[in-house]
Amino acid sequence: MPEDKKIIGLSWEPKLPSLLFGTNSGSSGKTQTVSETSLVYKSNAELIDGLFVPPNDPKKVNKLLKKQVKDTTGKNWFDMPAPTLTPELKKDLKLLKLRNVIDPKRHYKKGDSKLNTFPKYFQVGTVIEPVSEYFTSRLTKKERKPTLADELLSDKSLKDYRKRKVQEIEAKNQPGGVDKWKIKGKASWKRAKQRRH
């Protein structure tokens, strides 16, 4: 009868794959050789008993170290991290790119014209008004909205501006004078439709 040794504390034994380099592959009789690095290092970063076995190749180690470094702007920009883009953030960034259309009185420098390209590093903050601006340029609780898009849609002056602009565009695209009564045949329908759009 074998003696049972009682183990005090924790014990752990790694389950490594067998390091046999000349094993027979069954009935074929050919020897299958496997490189040492492919047995120890798994390219898809598999864990062996919950532990990661680092590769022996220094180039692979450097690649792993570069992947682990956090994506920031650097010390000069206080290590600002790259945020994850949520759908709400994407909408707000698109609105910021279209800011020259929102307000007719303000003119901005022409930025990146592509609408779907976003900056890699940016931060979103909340404006806190000082006590001295309590009655002048402060937003009331009713005017505060969760996103920039909601604030712009609920703003009364912007609503009036949008409405006026839409009416101007519709009036410009309507056929003028007696032309609207002179619709004869399919060709004139097409011409009238092109004038409207």
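Rules used in this analysis
- Residues numbered from 1 in each chain as written.
- Predicted model: local features only at pLDDT ≥ 70, side-chain atom pairs only at ≥ 80, totals over all residues.
- Heavy atoms only, no water.
- UniProt positions renumbered as here; feature names shortened; annotations may be inferred.
- Patch = residues over 30% accessible without salt bridge, like charges linked within 9 Å, V, L, I, M, F, W, Y side chains within 5 Å.
- Areas by Shrake-Rupley, 256 points an atom, 1.4 Å probe, with all protein chains shown as cover.
- Salt bridge = Lys/Arg side-chain N within 4 Å of Asp/Glu carboxyl O.
- Helix = DSSP H or I, 4+ residues; strand = E, 2+ residues; numbered from the N terminus.
- Phe/Tyr/Trp six-rings, centres within 6.5 Å; stacked < 30°, edge-to-face > 60°.
- Buried < 20%, exposed > 50% of the residue type's maximum accessible area, 1.4 Å probe, protein only.

The name given to the protein in an unreviewed UniProt entry is Fcf2 pre-rRNA processing C-terminal domain-containing protein, with Ambrosia artemisiifolia as the source organism. As stated in UniProt under Subcellular location (unreviewed entry), the record for the protein gives "Nucleus, Nucleolus".

A. Expanded view of a nonpolar patch on the surface. Residues Leu98, Val101 and Leu115 make up a contiguous nonpolar surface patch of about 250 Å² in total accessible area. Turning to its location among the elements, leucine 98 is positioned in the loop between α3 (87–97) and α4 (99–102).

B. Representation of the packing of aromatic side chains within the structure. Applying the stated criterion across every chain yields a total of one aromatic pair. Here the aromatic rings of tyrosine 134 and phenylalanine 135 are separated by 4.9 Å at their centres, their planes lie at 85°, and the arrangement is edge-to-face. Assessed through its relative accessible area of 45%, tyrosine 134 is described here as partly exposed. By relative accessible area, which is 76% here, phenylalanine 135 ends up exposed.

C. Examining the pattern of salt bridges more closely. Tallied over the entire structure, the rule returns six salt bridges. Note that aspartate 103 is salt-bridged to arginine 106, the shortest N-O span being 3.9 Å. With relative accessibility at 24%, the residue aspartate 103 sits in the partly exposed group. With a shortest N-O distance of 3.7 Å, aspartate 160 and lysine 156 are connected by a salt bridge. Here lysine 156 and aspartate 160 lie together in helix α6 (residues 156–173), a separation of four residues that amounts to about one turn. Overall, aspartate 160 belongs to the partly exposed group, its relative accessible area being 43%. Salt bridges here are not isolated pairs; linked through shared partners, they connect Arg164, Lys165 and Glu168.

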